[in-house]
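# Architecture and fold: a report
These are the residues of each chain, in order.
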Amino acid sequence: MTHVVADPCINCKYTDCVAVCPVDCFHEGVNFLVIDPETCIDCGLCPPECPTTAIFAEEDLPDKWSDFTEINARYAPEWPVIDSQKEPMPEADAAAKEDDKTDQLSPDAFTG
Ligand code: F3S
């Protein structure tokens, strides 16, 4: 099993989750983070840290976000590891109030 980052992270990237991950399993895209299911040890530390409640144990992922298990697994090998907390995206506080942002998810890796 693994943990999964879902829709609420899109356009936010608060990265509080990264600060507590003991195994550096987060990977960074342009406007979203994913968890590498091959690296995640299911420690459970990150879900309570996320201000948008974007992270779920795979078995607890809401049905409406079931695609995110595959999205995390697909992009983790393509996007760079993020191993320290950084500033959220500029529009994070507004984006955190939006629902159903999946159509805004960028497939591109964050390049700095
Ligand atoms: Fe995203 Fe929440 Fe982490 S918004 S970057 S999953 S703290």
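From a predicted model like this one, the values you see are computed outputs, not experimental measurements. (Residues numbered from 1 in each chain as written. Predicted model: local features only at pLDDT ≥ 70, side-chain atom pairs only at ≥ 80, totals over all residues. Heavy atoms only, no water.)

Further remarks concern the overall build of the chain. The number of helices and strands found in the chain is three helices and four strands. For the chain, the sequential pattern of α-helices and β-strands runs β-α-β-β-β-α-α. Computed over C-alpha atoms, the radius of gyration of the chain comes to 12 Å, within 12% of the 13 Å expected from 2.2 N^0.38 for 112 residues, which places it in the range of a compact globule. Here the chain, with 112 residues, has 46% of them falling under the buried criterion. Counting only contacts in the chain whose residues sit at least 6 apart along the sequence, the fraction spanning at least 24 positions is 78%. Counting every atom, the chain has about 5,700 Å² of accessible surface; 48% of that belongs to carbon and sulfur. Put simply, the chain has 6 plus and 24 minus side-chain charges, and the middle of one group is 7 Å from the middle of the other. (Helix = DSSP H or I, 4+ residues; strand = E, 2+ residues; numbered from the N terminus. Rg over C-alpha atoms; globule rule 2.2 N^0.38 Å. Buried < 20%, exposed > 50% of the residue type's maximum accessible area, 1.4 Å probe, protein only. Contact = heavy atoms within 4.5 Å. Areas by Shrake-Rupley, 256 points an atom, 1.4 Å probe, with all protein chains shown as cover. Lys, Arg positive; Asp, Glu negative; His and termini not counted. Charge placed at Lys NZ, Arg CZ, Asp CG, Glu CD.)

So, about the site of the ligand. Not every one of the 13 residues close to the ligand is listed here, only the nearest: Cys-9, Thr-15, Cys-17, Leu-33 and Cys-50. Within the shell around the ligand, the residues separate by chemical class into nine nonpolar, two polar and two charged. (Near = heavy atom within 4 Å. Nonpolar A, V, L, I, M, F, W, Y, C, P; charged D, E, K, R; others polar.)

Here the focus is the state of the cysteines. A full pass over the atoms with the stated rule returns zero disulfides. We note that Cys-40 lacks a disulfide partner, and the nearest cysteine sulfur, in Cys-25, lies 4.8 Å from it. (Disulfide = S-S within 2.5 Å.)

Before going further, it helps to examine unusual backbone geometry. A positive phi angle, near 55°, is found at Asp-24, a position not held by glycine. Mapped onto the secondary structure, Asp-24 falls in the loop between helix H1 (16-20) and strand S2 (26-28). Overall, the relative accessible area of 35% leaves Asp-24 in the partly exposed class.

Once that is clear, we can look at the side chain of Ser-106. Mapped onto the fold, Ser-106 is located in the segment after helix H3 (92-95). Classification of Ser-106 by relative accessible area gives buried; the value is 13%. If near-sequence neighbours (up to four positions away) are discounted, Ser-106 is found in contact with Val-30, Asn-31 and Trp-79.

On to the packing of aromatic side chains, then. According to the stated counting rule, one finds three aromatic pairs in the structure shown. A centroid spacing of 5.7 Å and a plane angle of 65° characterise the contact between Phe-32 and Phe-68, whose relative ring orientation is edge-to-face. Remark: Phe-68 occurs in helix H2 (residues 68-75) and Phe-32 occurs in the loop between S2 and strand S3 (33-35); sequence separation between them is 36 residues. For the pair formed by Phe-32 and Phe-68, the shared burial category is buried. Seen in terms of ring centroids, Phe-56 and Trp-65 are 6.0 Å apart; in terms of plane orientation they differ by 50°. Their pairing is tilted. Here the basic side chain of Lys-64 rests over the ring of Trp-65, its NZ or CZ set 4.6 Å away from the ring centre. Lying over the aromatic face of Phe-110, Lys-86 brings its terminal NZ or CZ to 3.7 Å of the ring centre. (Phe/Tyr/Trp six-rings, centres within 6.5 Å; stacked < 30°, edge-to-face > 60°. Lys NZ or Arg CZ within 6 Å of the ring centre and 35° of its normal.)

Okay, the environment of Trp-79 next. The residue Trp-79 is located in the loop between H2 and H3 in this model. Counting along the chain gives 43 residues from Trp-79 to Asp-36, while the straight-line C-alpha distance between them is 9.9 Å. Leaving out residues up to four positions away in the same chain, Trp-79 has contacts with His-27, Glu-28, Gly-29, Phe-32, Val-34, Leu-105, Ser-106, Pro-107, Asp-108 and Ala-109.

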